[in-house]
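Working through the structure, step by step
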Amino acid sequence: MGGGAGGEFLPLVAMVVVQVVYAGMNIIAKLAMDDGMDPLILVAYRQLLAAFALSPLAYFLERKTRPKITKKILFQIYLCSIFGASLNQIFYYIGLKNSTATISCALGNVLPAITFVLAVLFGLESVGIKSRPGQAKVLGTILCVGGAMLLSFYHGHTISIGKSGIKWKFTHTTSSQNSKGSFFSGSFLLLISNILRALWFILQAKMGKEFSAPYTSTALMCFMASIQCFLIAAWSQHKASKWSLASRIKLVATLYAGIISSALAFCLMSWTILKKGPLYASVFTPLLLIIVALLSWALLNEQLYIGTAIGSFLIVVGLYVVLWGKNKESKVTNCAEEEPKATSDQEQPKLQGVELI
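Here is what the cut-offs are and how they apply
- Residues numbered from 1 in each chain as written.
- Predicted model: local features only at pLDDT ≥ 70, side-chain atom pairs only at ≥ 80, totals over all residues.
- Heavy atoms only, no water.
- Salt bridge = Lys/Arg side-chain N within 4 Å of Asp/Glu carboxyl O.
- Helix = DSSP H or I, 4+ residues; strand = E, 2+ residues; numbered from the N terminus.
- Buried < 20%, exposed > 50% of the residue type's maximum accessible area, 1.4 Å probe, protein only.
- Core = buried A, V, L, I, M, F, W, Y, C linked by side-chain atoms within 4.5 Å.
- Contact = heavy atoms within 4.5 Å.
- Bend = angle between axes of the 7 residues up to and from the residue.
- Phe/Tyr/Trp six-rings, centres within 6.5 Å; stacked < 30°, edge-to-face > 60°.
- pLDDT = per-residue confidence, 0-100.

**Quick look at the pattern of salt bridges**
- This structure, assessed with the given rule, holds 2 salt bridges.
- Residue Asp-34 pairs with Lys-30 through a salt bridge whose shortest N-O separation is 4.0 Å. Within this pair, Asp-34 and its partner Lys-30 are both found in helix H1 (residues 2-34), separated by 4 residues, close to a single helical turn. An identical accessibility class is assigned to Asp-34 and Lys-30; each is buried.
- Here Lys-72 and Glu-210 are joined by a salt bridge, their closest N and O atoms 3.4 Å apart. In this pair, Lys-72 is assigned in helix H3 (residues 71-97) and Glu-210 in helix H8 (residues 183-210), connecting sequence segments 138 residues apart.

This is the structure:
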């Protein structure tokens, strides 16, 4: 009984920790960039530290089970590094710099809908518009896209919830920088980041069927991405002072992004997906939005707008509608696959006994 309770409780704790870690990353990265850290340099440092942090795990956990790394696998990892680590992260952090942490997290909930649309376009998934799960996925996608558009183009009046009264020394530059940022361009770049991340999911799923060593592939992906990002950042920023981590918030953001947000969060999420499946992990995504909204109000003194609140609500509702459709569709597919298997097992009991031996 205790083991069963632990089996249910530990994945829950792991996913809550992951969302708290990601929330902290959004807040700390926003503060570091408002303090003058270049987004390209932050991404370069993050990928390099993540590669070093994941390499020991890849070696010790997968050295006996790791498939052979072929040229085809390396090329697939290289593509994943471009879409999933380099371009995705670059667009995300530049978008975060020019918007708010709350908006960046709200738009992150559009990801399942974007992934569904791209999967349909690439022929990897059917819409099934005549079935209830198919209709749910289409409706959820429309709600997500509508919420994202509302959040991006409409602010409306501010929602008066007062000030937290918390004084944090790192927030002294945030408000002035936010007023100068282009919220429209920031939201647009965040949407592009989600599209690139969805492409990465599709590439990763294809590669995972041939190379089932997630720690190794991720470590290699981060290493390749670090080279790409360092070259891009070096071309963009020639001054050595821009690369300095003398500022405490820049150093904290770099270490947190590479070790905590990348390596630790990846391990926890991979373990949870292994135990409970990808749908279980996706359900916790809106929790990130709630945590970041509270932290942004308490620590960054961010204002909450009507458009942001309504858009975020539509996105979260759309997310759960898409997930419901996916869950129902998976159950139907699993039942359809189990029926022939059960029939085959009944028809060939002797063969089954031989296989077990």
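**A few points about the nonpolar core**
- If you look at the biggest cluster of nonpolar residues, it comprises 54 residues, and the most contacted ones within it are Ile-27, Ala-29, Tyr-93, Leu-96, Leu-107 and Val-292.
- Ranked by the residues each element gives to this core, the list is headed by H1, at 9 residues.
- Once residues lying within four places of it in the same chain are set aside, the contact partners of Tyr-93 are Met-25, Ala-29, Met-33, Pro-39, Leu-42, Val-43 and Arg-46.
- In this structure, Ile-77, Met-207, Ala-213 and Ala-225 belong to the second largest nonpolar core, which totals 11 residues.

**Focus on helix H10 (residues 248-276)**
- Most pronounced at Tyr-256, the bend in H10 amounts to some 40°.
- A positive phi of about 95° marks Gly-277, the residue just after H10.

**Topic: the packing of aromatic side chains**
- Counted under the stated rule, the structure contains 7 aromatic pairs.
- With 5.6 Å between their ring centres and 85° between their planes, Tyr-92 and Tyr-93 make a pair best called edge-to-face. Accessibility assignment for this pair places Tyr-92 and Tyr-93 in one class, buried.
- Ring centres 5.5 Å apart and planes at 40° place the aromatic pair Trp-200 and Phe-201 in the tilted group.
- Judged by relative accessible area, Trp-200 falls into the buried class, the value being 17%.
- Classification of Phe-201 as partly exposed rests on a relative accessible area of 31%.
- Every member of this aromatic cluster is reached through a ring pair, and the members are Tyr-45, Phe-230 and Trp-243.

**Focus on the confidence of the model for the protein chain**
- On average, the protein chain scores 80 in pLDDT, and the residues at 70 or more come to 84%.
- With pLDDT under 50 throughout, residues 173-181 is counted as low confidence; its partners more than four residues away or in other chains account for 12 contacts.
- Long-range and interchain partners of residues 347-357, a stretch whose pLDDT sits below 50, account for 1 contact in this model, where long-range means more than four residues apart.

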